[in-house]
Amino acid sequence: MSDTSPNHLQTDARQRLYTALAGIPAGYVISYGQLAALAGFTRRARWAGQVLKHLPADTRLPWHRVVNAQGKISLPPGPAAERQKALLEAEGVMVSDSLRINLRQYAWIPPLSDG
DNA sequence: GGCATGACACTGA
DNA sequence: ATCAGTGCCATGC
């Protein structure tokens, strides 16, 4: 057993990411990097993507509200990407044909925790 | 420990 | 605005 990264800590880290993700309201999007930072892990954008990829297909978490820093759906072309586009549009988010979203309008800005 | 991979981010052309 | 190159971190072999 390796004590450099105990499984329960990894699980806890993912849990924090889930909590942060659950806090994104419908009609908004957030970048992988912002989401990770919101969960308390800066510079962990790629890790966030890995976690989302591991999510069970029947999750209720709003994984579709996560896009890259350019405001673009980061999934490879395919049914998954189209599903994300559809889910976002169903929430009123405008997604261009090139799978792009106007962050100026839809980026979620987390409330300051009591400053 | 070294090397390759990935639902990313940033900069320069 | 879009593409290519480079950097960052975590994972798996």
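Everything below is about the structure shown above.
Here we summarise the structure given alongside this text. (Residues numbered from 1 in each chain as written. Chains lettered and ligands numbered in written order. Predicted model: local features only at pLDDT ≥ 70, side-chain atom pairs only at ≥ 80, totals over all residues. Heavy atoms only, no water.)

### Quick word on the protein's contact with DNA strand B
(1) Moving on: Taken together, 13 residues sit near DNA strand B, with Y32, R46, K53, A69 and S74 positioned nearest.
(2) Moving on: A share of 44% is what sugar and phosphate atoms reach among the atoms of DNA strand B within 4 Å of the protein.
(3) Moving on: Note that a base nitrogen of DNA strand B is positioned 2.9 Å from one of the side-chain N or O atoms of Y32.
(4) Moving on: K53 places a polar side-chain atom, nitrogen or oxygen, 2.4 Å from a phosphate oxygen of DNA strand B.
(5) Moving on: Breaking the surface near DNA strand B down by element, the ones donating at least two residues are α2 (32-38) and α3 (45-54).
(6) Moving on: Take the surface near DNA strand B: its biggest share by element is 5 residues, from α3.
(7) Moving on: Class assignment for the residues of the surface near DNA strand B results in 6 nonpolar, 5 polar and 2 charged. (Near = heavy atom within 4 Å. Polar contact = N/O pair within 3.5 Å; in protein donor to acceptor, adjacent residues only side chain to side chain. Helix = DSSP H or I, 4+ residues; strand = E, 2+ residues; numbered from the N terminus. Nonpolar A, V, L, I, M, F, W, Y, C, P; charged D, E, K, R; others polar.)

### Digging into the environment of L38
(1) Moving on: Along the chain, L38 falls in helix α2.
(2) Moving on: With a relative accessible area of 38%, L38 lands in the partly exposed category.
(3) Moving on: Measuring from C-alpha to C-alpha, the distance between L38 and P110 comes to 8.0 Å, with 72 residues separating the pair along the chain.
(4) Moving on: Once residues lying within four places of it in the same chain are set aside, the contact partners of L38 are A20, I24, I30 and P110. (Buried < 20%, exposed > 50% of the residue type's maximum accessible area, 1.4 Å probe, protein only. Contact = heavy atoms within 4.5 Å.)

### Thoughts on the protein's contact with DNA strand C
(1) Moving on: If you check the shell around DNA strand C, you find Q10, R43, R44, R46, W47, Q50 and R100 and nothing else.
(2) Moving on: When atoms of DNA strand C within 4 Å of the protein are split into backbone and base, the sugar-phosphate part holds 78%.
(3) Moving on: For DNA strand C, a phosphate oxygen lies 2.4 Å from a polar atom in the side chain of Q10.
(4) Moving on: A distance of 2.4 Å separates a phosphate oxygen of DNA strand C from a polar atom in the side chain of R100.
(5) Moving on: It is α3 that provides the largest number of residues to the surface near DNA strand C, a total of 3 residues.
(6) Moving on: Classifying every residue of the surface near DNA strand C by side-chain character gives 1 nonpolar, 2 polar and 4 charged.

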